[in-house]
Amino acid sequence: MEYFLELFFGGLTRGSIYALIALGYTMVYGIIQLINFAHGEIYMIGAFVALIVAGVCTIYGLSGVSILILAGVIAVIYACAYGYTLEKVAYRPLRGAPRLSPLISAIGMSIFLQNYVLLAQTSDFLPFPRLIPDFAFMEPVAHIIGSPELVILITTVITMILLTLLIKKTKVGKAMRATQQDMNMARLVGVNVDRIISLTFIIGSALAAIGGVLVASYIGQVNFYIGFLAGVKAFTAAVLGGIGSIPGAVFGGLVLGWAESFAAGYISSDYEDVFTFGLLVIILILRPAGILGKVRKQKV
Amino acid sequence: MKKMTVLFSILALALSMSATSFASDTIKLGVAGPHSGDLAPYGIPAMKAAQLVVKQINAKGGVLGKQVELLIQDDQCKPEIATNTATKLVTDGAHVVLGHICSGATKAALGIYNDAKIPVMSPSATDNGLTYSGDYPNFFRTIAANISQAELASGYLLDTLGFKKVAILHDKGDYGKGFADDMKMLLEKSGKVEIVLFEGITPGAMDYSSIVQKIRKNKAEALIFGGYHPEASKLVTQMSRKRLKTIFISDDGVKDDSFLKVAGPAANGAFVTGPRDLSSIPLNAAATAEFKAEYGAEPGAFFQEGYSAALALLNAVEQAGSTDYDKVVDALHNKYVETPVGKIKFDSKGDAEGVGYSVYKVENGAFTEMK
């Protein structure tokens, strides 16, 4: 039972990070039907900015949680700026182009950002400080769920509640939903669609940056390449849950996290990916639009 | 008439052969390796090492009173070219050969030298089979075989650490899995250790918490990991996060300052194998200084091994008192020689004794060599 719980919480932690990143993929896809391949790189940039801020803060003698919050906030701001610029530079000029063009542009931006960080920083692995302290009250269960996992889970839950409130209760959220349903109609009733698209990129980037900071302080290392694998996994999670659906991304992330954790724990880590992607294939055969995805009827 | 021509040519051939093998007034040291192409950086330092050694020995009066002559041949690390290279060196009458550099090329060429009874010494070919198969009694090397890392680590684990239950992980790559397979084979053969887990992990995965929990569940006392430092840092960090006290044991791919830097305090107590620290050997520093004086740059890969091989080969000829194959091989096996990689002779397989790896323990954020 204890072993099951260990794997359960391991999978939950991993899954909630996948979910945070997957939200960015799914929101962008929901609105402009673009798979933003550079999204994983925003996650990586978030982690790097946090590392730099944490370094500066340590020099000024700040400690622990205050660094985590400050680094997190600045990382989010930077990531938002990158997300906004990315959309402006690489996707907006291609708005009317065939669907393959922005896709290629996205892959190009992904490679560009990776190499930019490689040149501006280093190709080496860098240590990331343990910004999340070990809480004394967690010590008896630290081998099942430690303080970092607890912080990751709480942060993810809060972030998702805020996101839901934003989309369901605010005027901006209503405009986003309208744009997702029908972009031209939304434009007709006075929604500034371009601004809504920019905002979607900004929100997605903020979520990715939060994920990046949390993961980096949990596993203790960053590298210019970490965004690629995380991005692939999160994209898988988004497809699994039903791309375009926000609850689907969260659900897909958790299912993927658990599938990997239990596959590695009960079968073999050799087959971790085989098992996970096998699951993806089975789910897509049974439900081609993903677990919670809606099949959009094509009107001719 | 045709018969006569054949006869004459055979006679002429015999004459030319005897001319090279008996009338030679120099000791011929063949040097084969990649001297052009993209693998040239692995071959050129050994070639330059041979040139430095020969220059020095000739200045002192040569070997057995004869000057040493270098026969340099490029094999580009390609097995198909290496066979031509070997044939050329045999025809040119090389007495001993320093080379080849790449394991594949060495393997391809060895049969030709073996038939011609020429001792060959590689500064860099680490393939296990070259010495362990027993097929090439004429082959020697001044670098340790791949498996020697696992031999050292498993010996240390059995004799010094005395663990009974171990888990083995690898990164699914050639290098990491090779080390893990060797460790598994050696530990199973000893019969003293139970291997509770043998799995590959995905390099670059977000975290390894499931596999860490699995190690805990299986109650492994030590985790043996074959792979490189990024995954190793992640593993030890997560083990410390999960309050797991399992001892971490790994290979040369982890003996890197990045491991200490990235894993930080979590790395303390880990054991890794890595090349022996040679900087205290006087000849080592002298050889490097000699190279710098001549070429004004750092020597590069396999320079010390190449220098040692050239010294060992020429010393064996000197000790044997002739270039006779059996006597030279006997000298290589039995007579010690001072080289930049230490005072060495060669074991019955052809591997240099005392060359190779040491066990290092991470203590207070630094690698400490275990004697």
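Heads up: these notes are all about the structure in this document. Within every chain, residues take consecutive numbers counted from 1 along the sequence as written. Each chain is given a letter, starting from A, and each ligand a number, starting from 1, according to the order in which they appear as written. Reporting in this predicted model follows two pLDDT cut-offs: at least 70 for local features of residues, and 80 or more for side-chain atom pairs to be given and counted; totals over whole chains, interfaces and linings ignore these cut-offs and use all residues. To obtain the side-chain values, all non-hydrogen atoms of the structure were used and water was disregarded.

Moving on to helix α7 (residues 174–190) of chain B. All names here are of chain B. Working definition: helices are DSSP H or I runs of at least four residues, strands are E runs of at least two. Numbering for both runs from the N terminus. Expected span of a helix, by definition, is 1.5 Å for each gap between consecutive residues, and there is one gap fewer than residues. The end-to-end C-alpha distance of α7, which contains 17 residues, comes to 24 Å, matching closely the 24 Å that a straight helix rising 1.5 Å per residue would cover. Only protein chains enter the accessibility calculation, which uses a 1.4 Å probe. A residue is then buried if its area is under 20% of the maximum for its type, exposed if over 50%, and partly exposed in between. What α7 keeps buried is the set Gly176, Phe179, Ala180, Asp182, Met183, Leu186 and Leu187. The buried residues of α7 all sit within an arc of 160 degrees when viewed along its axis, so they share a single face. Facing away from the buried surface of α7 by more than 90 degrees, the exposed residues are Asp174 and Lys189. The contact criterion used throughout is that any non-hydrogen atoms of two residues lie within 4.5 Å. Contacts from the buried residues of α7 go to α6 (146–161), β6 (165–170), β7 (194–200), β8 (222–226) and β9 (247–250). Positive backbone phi, at 70 degrees, marks glycine 191, one or two positions downstream of α7. In this description, one arc is meant: the one made by directions from the helix axis to the C-beta atoms.

With that settled, the discussion passes to the interface of chain A and chain B. Interface extent is often summarised as the accessible area lost during association of the parts. Opposite the 38 residues of chain A that make contact, chain B presents 31 residues. For the pair chain A and chain B, the summed buried surface comes to about 3,000 Å²; carbon and sulfur atoms form 47% of the total. Any carboxyl oxygen of Asp or Glu that lies within 4 Å of a side-chain nitrogen of Lys or Arg is treated as forming a salt bridge with it. At the junction of chain A with chain B, the criterion picks out six salt bridges. One salt bridge in this structure joins Arg14(A) and Asp207(B), with 2.8 Å as the shortest N-O distance. Under the rule applied, a polar contact is a pair of N or O atoms within 3.5 Å (in protein, one hydrogen donor and one hydrogen acceptor; residues adjacent in sequence only if both atoms are side-chain atoms). Summed over the shared surface of chain A and chain B, the number is 16 residue pairs in polar contact (both at pLDDT 80 or more). At the level of elements, α1 (2–32), β1 (126–127), α5 (147–169), α8 (193–219), α9 (226–241), α10 (246–267) and α11 (272–286) of chain A are the ones that each hand at least two residues to the side of chain A that touches chain B. Here the side of chain A that touches chain B gets seven residues from one element, more than from any other, and that element is α1(A). Note on definitions: buried area is the accessible-area loss of two parts on being combined, 1.4 Å probe, summed for both.

All names here are of chain B. The sheet built from seven strands is open, its strands ordered β7-β6-β8-β9-β10-β13-β14 with mixed pairing. Where the open sheet ends on each side, the last strands, each with one partner, are β7 and β14 (366–370). Adjacent strand axes in the sheet meet at a mean angle of 30 degrees when their direction is disregarded. Sheet topology note: the β6/β7 ladder contains six bridges and is parallel. Note on β7: the bridge partner recorded for histidine 170 is glycine 200. Sitting on the sheet, α6 touches β6, β8, β9, β10 (271–275), β13 (357–363) and β14, and the angle it makes with β13 is about 55 degrees. Between any two strands, pairing holds if DSSP finds at least two bridges. Working convention: axes come from line fits to C-alpha atoms, limited for helices to the stretch in contact. Angles between N-to-C directions cover 0 to 180 degrees.

On to the pairing of strand β1 (residues 26–33) of chain B. Residues and elements named next belong to chain B. With eight of its eight residues buried, β1 lies for the most part within the structure. Along β1, one buried face is formed by Thr26, Lys28, Gly30 and Ala32 and the opposite face, lined by Ile27, Leu29, Val31 and Gly33, is buried too. Where β1 and strand β2 (residues 67–74) come together, eight bridges link them in parallel fashion. Among the inter-strand pairings, valine 31 is bridged to a residue of β2, identified as isoleucine 72. Handedness of the crossover joining β1 and β2 through helix α2 (residues 40–59) is recorded here as right-handed. Relative to strand β3 (residues 96–98), β1 is paired through three bridges, and the arrangement is parallel. When the sheet's bridge partners are listed, glycine 30 is paired in β3 with valine 97. Viewed with both strands pointing away, a crossover whose connecting path from the first strand over the helix to the second turns clockwise is right-handed.

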